[in-house]
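Read off the chains here:
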Amino acid sequence: MDKLRIDKWLWAARFYKTRTLASEEIARGRVEVNGQEVKPAREVKVGDTVGLRQGPVTRTVVVKGLSGMRGPAPVAQQLYEETPDSIKAREQAAERRRLAPEPALTIGQGRPTKRGRRELDDAQRGWGDRWSASLDDQES
């Protein structure tokens with residue numbers, strides 16, 4: 001076998017769980033072969049460069065082998081070799097995600113958390129019977 005459909009190769013190389021998912025990602029334009037967008041029926045051969053996006057991760061791999069069957073992960077990893085630039089970019093993206101601030105901390109409004117509710121209740125206890133914080137009310 002010297003050529004294989006790209007959707008079948010992506011499935012066999014374990015980039016996607018099903019061929020249907022691989023075909024959908026190709027149709028969405030998230031897979032390129034040798035720098036060109038492709039269709040699911042495009043055939044790849046040994047030596048082709050495949051670029052694919054999986055969520056926030058962009059990978060570039062070189063096709064090292066072809067297989068029409070989906071096998072175990074160690075066998076699937078022998079079908080491709082990731083480029084050094086791709087490995088470096090993937091590691092940098094993982095580091096950026098690790099160091100990124102917690103998204104929930106950016107929420108400044110909305111319903112308070114349980115901890116926030118308790119802090120509000122504690123702050124209100126110091127007001128006593130006063131309904132206003134103005135100084136004029138304290139003199140009465």
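Before reading on, note that the structure itself is shown above.
The notes below deal with the structure included here. Since we're looking at a predicted model, the values are computed, not measured. (Residues numbered from 1 in each chain as written. Predicted model: local features only at pLDDT ≥ 70, side-chain atom pairs only at ≥ 80, totals over all residues. Heavy atoms only, no water.)

### Quick notes on the pairing of strand β6 (residues 57-63)
Looking along a regular strand, one sees the side chains alternate between the two faces of the sheet. Burial along β6 is one-sided: V57, R59, V61 and V63 are buried, while T58, T60 and V62, pointing the other way, are not. Sheet topology places strand β5 (residues 49-54) next to β6; six bridges connect them, and they run antiparallel. Bridge pairing links R53 to T58 in β6. Note that β6 and strand β7 (residues 80-82) share three bridges and pair antiparallel. (Buried < 20%, exposed > 50% of the residue type's maximum accessible area, 1.4 Å probe, protein only. Helix = DSSP H or I, 4+ residues; strand = E, 2+ residues; numbered from the N terminus. Pairing = 2+ DSSP bridges.)

### Re the packing of aromatic side chains
For any pair of aromatic rings, the description consists of the separation of the ring centres together with the inter-plane angle of the planes. Here the structure, examined in full by the defined rule, presents three aromatic pairs. Aromatic pair W9 and F15: ring centres 5.9 Å apart, planes at 35°, arrangement tilted. Summarising the burial analysis for this pair, W9 and F15 share the class buried. In this structure an aromatic cluster arises from ring pairing among W9, F15 and Y80. (Phe/Tyr/Trp six-rings, centres within 6.5 Å; stacked < 30°, edge-to-face > 60°.)

### Points about the pairing of β5
With three bridges joining them, strand β2 (residues 31-33) and β5 adopt antiparallel strand pairing. Across the sheet, V31 pairs through a bridge with L52, a residue of β5. Taking the residues between adjacent antiparallel strands as the criterion, β5 and β6 are bridged by two residues, where G55 takes a positive phi near 65°.

### Comments concerning unusual backbone geometry
Residue R14 is not a glycine yet carries a positive backbone phi of 65°. Despite not being glycine, N34 shows a phi value in the positive range, around 55°.

### Quick word on helix α2 (residues 19-27)
Three or more residues of α2 are buried, namely A22, S23, E25 and I26. Down the axis of α2, the buried side of the element spans an arc of 165°, and every buried residue falls inside it. Facing away from the buried side of α2, by more than 90 degrees, are the exposed residues T20 and A27. Tucked inside the fold, the buried residues of α2 contact α1 (6-12), β2 and β5. (Arc of directions from axis to C-beta. Contact = heavy atoms within 4.5 Å.)

### Let's talk about the side chain of E82
Note on placement: E82 falls in strand β7. A distance of 3.2 Å separates a polar atom in the side chain of E82 from a polar atom in the side chain of R59. There is a polar contact of 2.7 Å between the side chain of E82 and the side chain of S86. The contact partners of E82, leaving out residues within four places of it in the chain, are R59, T60, V61, I87 and R90. (Polar contact = N/O pair within 3.5 Å; in protein donor to acceptor, adjacent residues only side chain to side chain.)

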